[in-house]
Amino acid sequence: MTISQTEQDAAVAGTIFPEATVKIDAIDRLHNPDPEMFKREYVYKRKPAIITGLMDEWPAMERWSLDYFREHFGDLDIHANLQRLDKELILGNVGGFRGMKLSALLDEIEKNTDEGKAYYLRAYPVHRMVEHYPGLEEDYDLPDLAPNWADIRFKAKLPAGTVNPAKLFGLYLAKLFLNRGSGKGASRSTVSSRVASVMFVGSKGTVTPFHSDGMQTAAYLSQVVGRKRCYFVSPDQHAKLYPRPFRRQFGMAQVDYRRPDLTRHPRFKDVVVEETVLHPGETLYVPSGYWHAIEAMDTSISYSHQIVGEDNALGWLTCIPERYLAQMYFKSQGGLRNVTGAKDWDDWA
Ligand SMILES: O=C(O)CCC(=O)C(=O)O
Ligand SMILES: [Fe+2]
């Protein structure tokens, strides 16, 4: 990265609590990494990374803009996330949602000059967009760097070598479920739905507070337009983020990382955060169980999907009962305000 790029990034202030210990540029940048090395050093070691080169051939890099989304998806009915940046933002309470046409949200994104407000299309399912405008599927690709059993373009393989029989059985069950119907020339929209591809379109300033992704999945976040500041907290520090119960099936921090109340959440002051900036054309790898918070530094368009493979398939499988329990628990607590505006509280793909 050039110095001028770093200077430009520094010119947009991050919003993390100023007294937190933050390691700047702590995340490795890898250009077209060798898949075996990536699996060994990042997937199995659960280490986040920024990968460059994966999106070089994506037509999305030329095509995606607010105008492109207005032209092809303007009449989609969506839930717009309206964020008040001066209010507490934690996952489960990321601001209000309002039903509208995507074109109306894009207008708000374009004309927003109020630094205290941000507008977000948060995690909209890509397969619904592809059904609406099939041309979209030519615009992006799914990296197959680390084997993803949910990517049914490929037949999954069980690990070679010695694995204890209980673990092997678990992996077999997970593979059977995740990789069903694989290798038969599945359409892109089916693949997108199985890997839970989601789209994020928003104004400068949108915040996704600290969380770890649902069901212990890992994720790629591919940045097409604008920059995003990404904060990471390693899984071993989870107690410092005060997660809601049942954090393995979806980790939701209850501390507001921008304005923590240290009398309620004293452990947060000891947290060590790794920070990086994700630029257009770069793909962020978020490992299974890793906590992350993301804020847009510009008007932003990103695409994301989930990864379940050898390293996290058992975690995924063992979250299934936990998810049922969590649903019962949160219902008994009067429900949890959801994070996408969709009906189901955990419908966050
Ligand atoms: O970019 C965002 O706002 C959130 C993305 C995210 O958390 C993810 O893709 O897992
Ligand atoms: Fe996430």
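Quick caveat, the model's predicted, so the values are computed rather than measured. (Residues numbered from 1 in each chain as written. Chains lettered and ligands numbered in written order. Predicted model: local features only at pLDDT ≥ 70, side-chain atom pairs only at ≥ 80, totals over all residues. Heavy atoms only, no water.)

Re a nonpolar patch on the surface
A cluster of nonpolar residues, L158, L168, F169, Y172, L173 and L176, forms a patch on the protein surface that exposes about 520 Å² of accessible area. Here F169 is to be found in helix α7 (residues 165-178). F169 sits in the exposed class, given a relative accessible area of 52%. (Patch = residues over 30% accessible without salt bridge, like charges linked within 9 Å, V, L, I, M, F, W, Y side chains within 5 Å. Areas by Shrake-Rupley, 256 points an atom, 1.4 Å probe, with all protein chains shown as cover. Salt bridge = Lys/Arg side-chain N within 4 Å of Asp/Glu carboxyl O. Helix = DSSP H or I, 4+ residues; strand = E, 2+ residues; numbered from the N terminus. Buried < 20%, exposed > 50% of the residue type's maximum accessible area, 1.4 Å probe, protein only.)

A short note on the sheet that holds strand β3 (residues 49-52)
The strand order across the open sheet formed by nine strands is β2-β3-β13-β9-β15-β7-β6-β4-β5, and the pairing between neighbours is mixed. One side of each edge strand has no neighbouring strand; the edge strands of this open sheet are β2 (28-31) and β5 (96-101). The mean inter-strand angle of the sheet, taken between neighbouring strand axes irrespective of direction, is 25°. Alignment of strand β9 (residues 218-225) against strand β13 (residues 282-286), held across four bridges, turns out to be antiparallel. The partner of L221 across the bridge, within β13, is L284. Running at roughly 120° to β5, helix α5 (residues 102-111) makes contact with β4 (77-84), β5, β6 (117-125) and β7 (198-202) of the sheet. (Pairing = 2+ DSSP bridges. Axes fitted to C-alpha atoms, helices over the stretch in contact; angles between N-to-C directions. Contact = heavy atoms within 4.5 Å.)

Side note on the pairing of β13
Among the five residues that make up β13, five are buried, leaving the element largely enclosed by the rest of the structure. Both faces of β13 are covered, namely the face carrying E282, L284 and V286 and the face carrying T283 and Y285. Pairing of β3 with β13 involves four bridges; the strand directions are antiparallel. What sits directly across from A49, in β13, is Y285.

Some points on the sheet that holds strand β1 (residues 21-24)
To summarise the sheet geometry, strands pair through backbone hydrogen bonds and adopt either a parallel or an antiparallel arrangement. Sheet architecture is open: six strands sit in the order β1-β12-β10-β14-β8-β11, paired in mixed fashion. If you trace the sheet from one side to the other, it starts and ends with β1 and β11 (251-252), each paired once. Of the pairings in the sheet, the one linking strand β8 (residues 207-212) to strand β14 (residues 291-296) comprises three bridges and is antiparallel in character. Following the sheet pairing, V207 is matched in β14 by E295.

Concerning the UniProt feature "domain: JmjC" (unreviewed entry) in the protein chain
With numbering aligned to this structure, UniProt lists the feature "domain: JmjC" (unreviewed entry) at residues 147-324. What you have in residues 147-324 is 19% helix and 30% strand, and the ends, taken at the C-alpha atoms, are 27 Å apart. (UniProt positions renumbered as here; feature names shortened; annotations may be inferred.)

A word on the site of ligand 1
The full set close to ligand 1 counts 11 residues, and Y120, T208, H211, D213 and K228 are the nearest of them. Within the side chain of D213, one N or O atom sits 3.0 Å away from an oxygen atom of ligand 1. Within the side chain of K228, an N or O atom sits 2.8 Å from an oxygen atom of ligand 1. Starting from 300 Å² of accessible surface for ligand 1 in isolation, the protein chains cover 97%. (Near = heavy atom within 4 Å. Polar contact = N/O pair within 3.5 Å; in protein donor to acceptor, adjacent residues only side chain to side chain.)

Considerations on the coordination of the iron ion (ligand 2)
Only H211 (NE2), D213 (OD) and H292 (NE2) from the protein coordinate the iron ion (ligand 2), and they sit 2.1 Å from it. Written as a sequence motif, the donor arrangement for the iron ion (ligand 2) is H-x1-D-x78-H. With D213 in the loop between β8 and β9 and H292 in strand β14, this residue pair connects regions lying 79 residues apart in the sequence. H292 shares its class with D213; the two are buried. (Donors = N, O, S within 2.8 Å, 3.2 Å for Na, K, Ca; no water.)

What about the packing of helix α4 (residues 66-73) against α5?
Contact geometry for α4 and α5: axes closest at 9 Å, N-to-C directions at 165°. It follows from the interaxial angle that α4 and α5 lie roughly antiparallel. Considering how the two elements wind past one another, α4 and α5 form a crossing that is left-handed. Along its contact with α4, which presents L66, D67, F69, R70 and F73, the element α5 presents L102, S103, L106, D107, I109 and E110. Here the residues of the contact of α4 with α5 are counted per class, giving six nonpolar, one polar and four charged. (Parallel < 35°, antiparallel > 145°, perpendicular 65-115°, else oblique. Left-handed = near helix turned anticlockwise from the far one by under 90°. Nonpolar A, V, L, I, M, F, W, Y, C, P; charged D, E, K, R; others polar.)

Topic: the pattern of salt bridges
On inspection of all chains with the given rule, the structure shows 22 salt bridges. In this structure, the salt-bridge partner of R63 is D139, at a minimum N-O distance of 2.5 Å. Taken together, the residues span a long stretch of sequence, with R63 in helix α3 (residues 60-63) and D139 in the loop between α6 (126-132) and α7 at a distance of 76 residues. Overall, the relative accessible area of 36% leaves R63 in the partly exposed class. Of the charged contacts in the structure, one is a salt bridge between R84 and D86, with a shortest N-O distance of 3.0 Å.

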